[in-house]
Amino acid sequence: MLLLVSLLGTLAVLITLFSMLNMRGIDRDYRDLLNHDAAASILIGDALLDLSDASRLVFSVLTEQEELKMRATQLELDALQLQFRSRIEAVRPLVGAQQSALDGILVQEGRVFERAATIIDAAARWRGDRALEIIHEQFDPDLRALRRSMDQLRDASVLHYQEASAELHEATQRAIAYTAVAFGLAILLVISLSAYLSVTQISRPIVRLTRSMGRLTDREYDGEIPGVERSDEVGRMARAMELFRATMQRADHLEALILIDPLTGIANRRAFNQTLAQEWARSQRAGQSLALVMIDIDCFKQFNDNYGHGAGDECLARVARGLKDSLQRPGDFVARYGGEEFVAVLGDTDLEGAMHIAGRFHAAVAAQKIPHAFSTAGSCVTISVGIATAVPAPGLDPKTLADRADEMLYAAKSAGRNTSQGASLRAQRLKLA
Amino acid sequence: MPFPLPRNAWRLLLPLVLAGAAQAAPAQRYEIEIFHWWVSGGERASIDVLRAHVERQGIPFREGAQAGSGTARYGDALRRRVAAGRAPTAAQSIGYDIHEWARLGLLENLDEMAAAGEWDKVVPNGIQHLSKYRGHWVAAPINAHSTNWMWLNKAQFDRIGGRQPDGWDDLIELLKKARAAGIVPLAIGREAWEHTLLFEAVAVGVGGAEFYRRAFLQLEPEALKPELLLRIFRRMSQLRGYLGPGFARRSWDQATDMVRRGEALLQVQGTWVNGEFSHRGLQPEREYLCFRFPDTQGIFLFNSDQYVFFKDSRSDAPARQALAAILLDPVFQRDLNLATGAAPGRVDVPRDAFNRCGRQNIDDLRGGNMRRTVMGSVAMGNANPSRTKTAIYKVVSDHLSGRIDDAQAVRQLQRGIADSVR
């Protein structure tokens with residue numbers, strides 16, 4: 001933000017400087033224009049007046065009655081010529097490209113004053129006829145040509161003035177346009193920059209943070225939290241999230257400690273109670289069948305008594321792993337219910353599906369091949385399974401389901417162990433071998 | 001402003017140096033011989049000025065003379081001499097006669113001498129027009145006589161209570177007074193050039209300078225408007241009544257004598273009359289008066305005496321150069337024209353030494369230069385070639401002598417001029 005503000009400020013200052021510079025240049029050009037072209041045309045006008053004076057002087061000679069007075073006129077004319085020349089020289093720096101025209105004028109001027117001198121000389125020798133002849137044939141045409149050249153120079157000056165004025169007008173327009181465009185571009189730049197910054201520096205990181213947050217909610221703690229290195233608000237947010245993740249992880253760990261059976265590493269009774277309640281509610285919402293499977297290791301007391309508690313604990317852990325490994329669907333759940341008893345909660349599973357899973361439980365435990373010489377059901381450790389399924393509905397509750405599964409377990413035990421018994425609530429009891 | 005030394009000043013100075021050397025040398029290497037028409041008393045004085053200036057440089061001076069300026073008599077005599085291989089160094093010549101000589105290819109080109117002397121800068125264009133043939137100097141102008149002058153006997157003028165006439169009516173009034181007083185009002189000689197001299201003054205007075213230039217110098221037929229010519233000839237007819245009896249038997253200088261003696265009030269003549277009067281010791285404002293012919297004040301109809309140089313003369317180049325330099329020399333032109341009564345041919349000669357009429361003549365020439373009113377005299381052949389001049393002479397003389405009337409004169413003049421340029 002600070003960056004943006006300073007950028008904007010700098011731009012504004014730059015543009016202001018740019019337009020001021022432009023405007024000052026234009027102003028200077030305008031003044032130059034007035035100083036140069038206007039001054040030049042005034043000077044040329046003055047020089048033209050000098051010429052009028054000169055030609056008047058020349059003509060005045062013809063009316064003089066004394067030679068001395070005529071000769072004196074030459075002195076006046078010389079002074080006038082000097083004045084004329086100084087004016088032309090004063091014009092020189094003002095007309096720039098017109099130097100050659102100026103040189104031409106000086107040449108013409110030299111000729112005109114030379115003619116004037118000849119005329120005065122002729123008149124002073126009482127050769128008015130010759131003076132008149134020179135006036136008509138040389139002086140007048142030369143003077144006219146000189147005036148024409150000077151008029152042209154003045155016209156050129158005026159034209160230059162007009163052109164330069166038009167150019168300046170254009171320059172002014174251009175400067176204004178440039179300034180406007182510069183301002184427009186600056187604003188556009190600032191807008192795009194802010195947009196870019198808000199997208200790249202704020203909204204995108206926030207989106208990423210949100211995603212991270214979503215993952216955290218799902219208890220995925222592996223993903224990196226973006227933007228922690230940043231020093232702005234987004235960075236602070238990311239760091240807060242990182243902290244939050246750590247806290248969540250710790251909380252999860254504690255929760256796991258609460259819900260996991262330390263001996264077997266699978267969920268404990270407390271976790272089962274939570275899961276059952278959750279699954280019951282979920283299945284009820286979905287109108288799906290929920291299966292509760294009670295598992296009991298056959299003749300475990302004899303095992304413990306004969307093989308020791310250490311072997312008993314190991315047996316429990318191996319059975320638990322076997323059970324857990326048998327479950328492939330993500331939502332399926334198995335916990336240690338207590339002692340040598342386990343329980344599985346299977347969402348979206350009817351009795352038949354549950355019986356199928358129970359078969360896999362039997363097989364898994366069998367596959368462990370834990371010798372049990374003191375079992376009444378076989379040479380290796382076996383399990384008995386009781387199943388109850390129900391589509392949760394009003395009038396049914398988890399406890400009923402659990403009781404029913406317990407009844408089915410008892411029935412399986414009664415049927416000789418290493419077997420499964422199942423029933424659907426509100427359905428007649430099924431008995432399968 | 002200082003005048004720079006002319007680029008080829010040596011050309012001007014060389015003859016002088018050579019002349020100095022020649023003077024010191026025992027044997028003369030060259031001489032100058034001129035041919036002229038100055039034979040009257042006043043004119044002799046003028047030639048003496050030239051002789052003095054030439055001889056002052058140690059150059060022997062010889063002359064031959066034949067009376068009759070601008071006449072066939074003078075021209076024939078000169079031609080005979082040239083044809084006989086006795087061409088003079090230089091000969092007096094005026095007006096378009098100069099061009100006639102030049103056309104024959106007999107004249108020396110004077111351009112170098114003119115350049116050295118800056119003749120272009122000091123000689124009025126009207127005169128230069130005659131001095132130059134096809135752009136080259138072939139004659140050296142020594143003066144500018146003016147023809148539109150009236151010379152009056154001051155005693156008679158005062159006696160009749162005359163006033164200087166400003167316009168035509170004033171002139172007629174003055175002439176009437178003279179007639180009433182029993183003197184010849186307007187003395188004139190028998191020759192056509194005299195009549196034409198009177199005519200040109202009347203003509204330029206009636207038609208103005210522009211008319212005169214177009215009609216008689218540029219010979220534009222459309223300038224000869226009948227109504228204008230008629231007015232001119234009517235005035236000539238008017239003057240005819242004041243000429244007095246017997247003018248057909250007088251020469252111009254006899255007419256001048258009539259004025260000098262008081263037998264006539266005035267004569268319309270060129271400034272050579274000023275020379276004649278001066279020669280006889282007369283002075284302006286004392287014995288005589290000079291007035292511009294009425295209505296021509298400000299106009300200077302000129303007759304410039306000039307010298308042409310012959311290629312085939314026995315004189316060598318230094319002699320010719322020396323003579324040319326003398327002829328255009330300001331001091332010579334001053335001295336000469338104090339005698340001739342004319343204005344110097346170069347207009348920059350100081351006028352202080354001249355008498356009142358001479359100064360006025362110089363002023364008029366200088367002023368006329370400013371106004372382009374310095375124009376050649378028809379009568380003296382300075383306005384147009386001799387064919388045209390002769391045609392005009394005949395009509396004007398016939399008319400003044402009463403042989404033709406005004407209307408005939410108008411028609412004949414138009415036709416005569418038109419034929420002459422055909």
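Only a predicted model underlies this, so the values are computations on that prediction, with no experimental measurement involved.

Moving on, we come to the overall build of chain B. Across its full length, chain B carries 18 helices and 15 strands. A globule of 422 residues ought to have a C-alpha radius of gyration of about 22 Å, and chain B, at 21 Å, matches this closely. With respect to the principal axes defined by its C-alpha atoms, chain B has extents near 65 × 50 × 45 Å. Per-residue burial over chain B gives 59% buried out of 422 residues. For chain B, long-range pairs separated by at least 24 residues make up 75% of all intrachain contacts whose partners lie at least 6 apart in sequence. In the form shown here, chain B has an accessible surface area of approximately 16200 Å², with 50% of it arising from carbon and sulfur atoms. On chain B, the mean spot of the 55 positive side-chain charges and the mean spot of the 46 negative ones are 2 Å from each other.

Attention now goes to the overall build of chain A. A count of helices and strands for chain A gives nine helices and six strands. For 433 residues, the compact-globule estimate of 2.2 N^0.38 gives 22 Å, and chain A exceeds it by more than 25% at 58 Å. If one aligns the C-alpha atoms of chain A with their principal axes, the spans along those axes are about 175 × 40 × 30 Å. Restricting the contact set of chain A to residue pairs at least 6 apart, pairs at least 24 apart contribute 70%. For chain A, the computed accessible surface area is about 23000 Å², with 58% contributed by carbon and sulfur atoms. For chain A, the centre of its 48 positive side-chain charges and the centre of its 55 negative side-chain charges are spaced 10 Å apart.

Moving on, we come to the domain arrangement of chain A. Each domain of chain A was delimited in the assignment, giving domain 1 (2-187), domain 2 (222-259) and domain 3 (264-430). Relative to domain 3 of chain A, the C-alpha centre of domain 2 of chain A lies at a distance of 37 Å.

Quick reminder: α-helices carry 3.6 residues per turn. Residues three or four places apart thus point the same way. Its 25 residues place the ends of helix H2 (residues 67-91) of chain A 36 Å apart at the C-alpha level, agreeing with the 36 Å of an ideal helix rising 1.5 Å per residue. Lining the buried residues of H2(A) we find helix H1 (2-61), helix H3 (99-124) and helix H4 (128-217) of chain A together with helix H16 (356-371) of chain B.

Next up on the list: the state of the cysteines. Under the definition given, this model contains one disulfide over all chains. Here Cys290(B) connects covalently by a disulfide to Cys357(B), the sulfurs 2.0 Å from one another. In this structure the cystine formed by Cys290(B) and Cys357(B) twists about its S-S bond by roughly -100°; its chirality is therefore left-handed. Remark: Cys357(B) occurs in helix H16 and Cys290(B) occurs in strand S11 (residues 288-292); sequence separation between them is 67 residues. A relative accessible area of 2% places Cys290(B) in the buried class. Just so you know, Cys299(A) is unpaired, no disulfide at all, and the nearest cysteine sulfur is the one on Cys315(A), 11 Å from it. Cysteine Cys380(A) shares no disulfide, and the gap to the nearest cysteine sulfur, in Cys315(A), comes to 10 Å.

Residues and elements named next belong to chain B. Taken in spatial order, the four strands of this open sheet run S9-S10-S8-S11, and their pairing is mixed. Each having just a single partner strand, strand S9 (184-187) and S11 make up the two edges of the open sheet. Strand-to-strand twist of the sheet, defined as the mean angle between neighbouring strand axes without regard to direction, takes the value 20°. Taken together, the four bridges between strand S8 (residues 149-153) and strand S10 (residues 264-269) define a ladder with antiparallel strand orientation. Bridging across to S10, Met150 finds its partner in Val268. Together, S9 and S10 form the strand contacts of helix H10 (residues 192-217), whose direction differs from that of S10 by roughly 90°.

Attention now goes to a negative patch on the surface. Residue and element names in this part refer to chain A. On the surface, Asp29, Asp32, Glu163 and Glu167 cluster together to form a negatively charged patch. At the level of secondary structure, the elements contributing two or more residues to the negative patch comprise H1 and H4. With respect to the element layout, Glu163 can be found in helix H4.

Right, let's get into the interface of chain B and chain A. On the chain A side, the residues contacting the 19 residues of chain B number 14 residues. Across the interface of chain B and chain A, roughly 1500 Å² is buried in total on both sides, 54% from carbon and sulfur atoms. Connecting chain B to chain A are one salt bridge. A salt bridge links Glu118(B) to Arg125(A); the shortest N-O distance between them is 3.2 Å. Joining chain B to chain A, the criterion identifies nine residue pairs in polar contact (both at pLDDT 80 or more). Every element with two or more residues in the side of chain B that touches chain A is listed here: helix H6 (119-122), helix H7 (125-131) and H16 of chain B.

Another point: the packing of helix H7 (residues 300-326) of chain A against helix H8 (residues 351-368) of chain A. Residues and elements named next belong to chain A. It is the contact of H7 with H8, at a shortest axis distance of 9 Å, that shows an interaxial angle of 135°. By the angle between their directions, the pair H7 and H8 is classed as oblique. Between H7 and H8 the crossing geometry is right-handed. On the side of H7, the interface is formed by Arg318, Val319, Gly322, Leu323 and Ser326, while H8 contributes Arg360, Phe361, Ala364, Val365 and Gln368. A breakdown of the residues in the contact of H7 with H8 according to their chemical character gives five nonpolar, three polar and two charged.

Residues and elements named next belong to chain B. Read from one edge of the open sheet, four strands run S14-S7-S12-S15, paired in mixed fashion. Single-partner strands in this sheet number two, and they are strand S14 (343-344) and strand S15 (374-376). With three bridges connecting them, strand S12 (residues 300-303) and S15 associate as parallel partners. Bridging across to S15, Leu301 finds its partner in Met375.

Turning to the pattern of salt bridges, a few remarks are in order. For the structure on display, the rule yields 52 salt bridges over all chains. For Asp50(A), the salt bridge identified is with Arg87(A), shortest N-O distance 2.8 Å. One end of the pair, Asp50(A), is in helix H1; the other, Arg87(A), is in helix H2, with 37 residues separating them in the sequence. Here Asp50(A) falls in the buried class, since its relative accessible area comes to 2%. For Arg62(B), the salt bridge goes to Glu33(B), with nearest N and O atoms at 3.9 Å.

Residue and element names in this part refer to chain B. For helix H3 (residues 72-83), which comprises 12 residues, the first-to-last C-alpha distance of 16 Å matches the rise-based estimate of 16 Å (1.5 Å per residue) to within 8%. Taken together, the buried positions of H3 are occupied by Tyr74, Gly75, Ala77, Leu78, Arg81 and Val82. The buried residues of H3 all sit within an arc of 160° when viewed along its axis, so they share a single face. Structural note: H3 exposes Ala72, Arg80 and Ala83 on the side pointing more than 90 degrees away from its buried face. Looking at the buried residues of H3, the elements they touch are strand S1 (32-36), strand S2 (61-65), strand S3 (90-94) and helix H4 (97-103). Once H3 finishes, Gly85 follows within two positions and takes phi at roughly 80°, a positive value.

Bringing the domain arrangement of chain B into the picture now. Residues and elements named next belong to chain B. Looking at the assigned domains, one finds that chain B contains domain 1 (9-144 + 304-360) and domain 2 (146-302 + 363-420). In this structure, domain 1 and domain 2 have C-alpha centres spaced 28 Å apart. The interface is formed by 33 residues belonging to domain 1 together with 29 residues belonging to domain 2. Across the domain 1 to domain 2 interface the summed buried area is about 2500 Å²; carbon plus sulfur atoms make up 52%. Counting the surface domain 1 buries against domain 2, the share from its top three residues, Tyr96, Cys357 and Gln360, is 24%. On inspection of domain 1 and its partner domain 2, the count reaches two salt bridges. For Arg351, the salt bridge is made with Asp363, and the minimal N-O distance between the two is 2.4 Å.

Here is what the cut-offs are and how they apply
Residues numbered from 1 in each chain as written. Chains lettered and ligands numbered in written order. Predicted model: local features only at pLDDT ≥ 70, side-chain atom pairs only at ≥ 80, totals over all residues. Heavy atoms only, no water. Helix = DSSP H or I, 4+ residues; strand = E, 2+ residues; numbered from the N terminus. Rg over C-alpha atoms; globule rule 2.2 N^0.38 Å. Buried < 20%, exposed > 50% of the residue type's maximum accessible area, 1.4 Å probe, protein only. Contact = heavy atoms within 4.5 Å. Areas by Shrake-Rupley, 256 points an atom, 1.4 Å probe, with all protein chains shown as cover. Lys, Arg positive; Asp, Glu negative; His and termini not counted. Charge placed at Lys NZ, Arg CZ, Asp CG, Glu CD. Domains from an automatic or database assignment. Expected span 1.5 Å × (residues − 1). Disulfide = S-S within 2.5 Å. Pairing = 2+ DSSP bridges. Axes fitted to C-alpha atoms, helices over the stretch in contact; angles between N-to-C directions. Patch = residues over 30% accessible without salt bridge, like charges linked within 9 Å, V, L, I, M, F, W, Y side chains within 5 Å. Salt bridge = Lys/Arg side-chain N within 4 Å of Asp/Glu carboxyl O. Buried area = accessible area lost by both parts, 1.4 Å probe. Polar contact = N/O pair within 3.5 Å; in protein donor to acceptor, adjacent residues only side chain to side chain. Parallel < 35°, antiparallel > 145°, perpendicular 65-115°, else oblique. Left-handed = near helix turned anticlockwise from the far one by under 90°. Nonpolar A, V, L, I, M, F, W, Y, C, P; charged D, E, K, R; others polar. Arc of directions from axis to C-beta.

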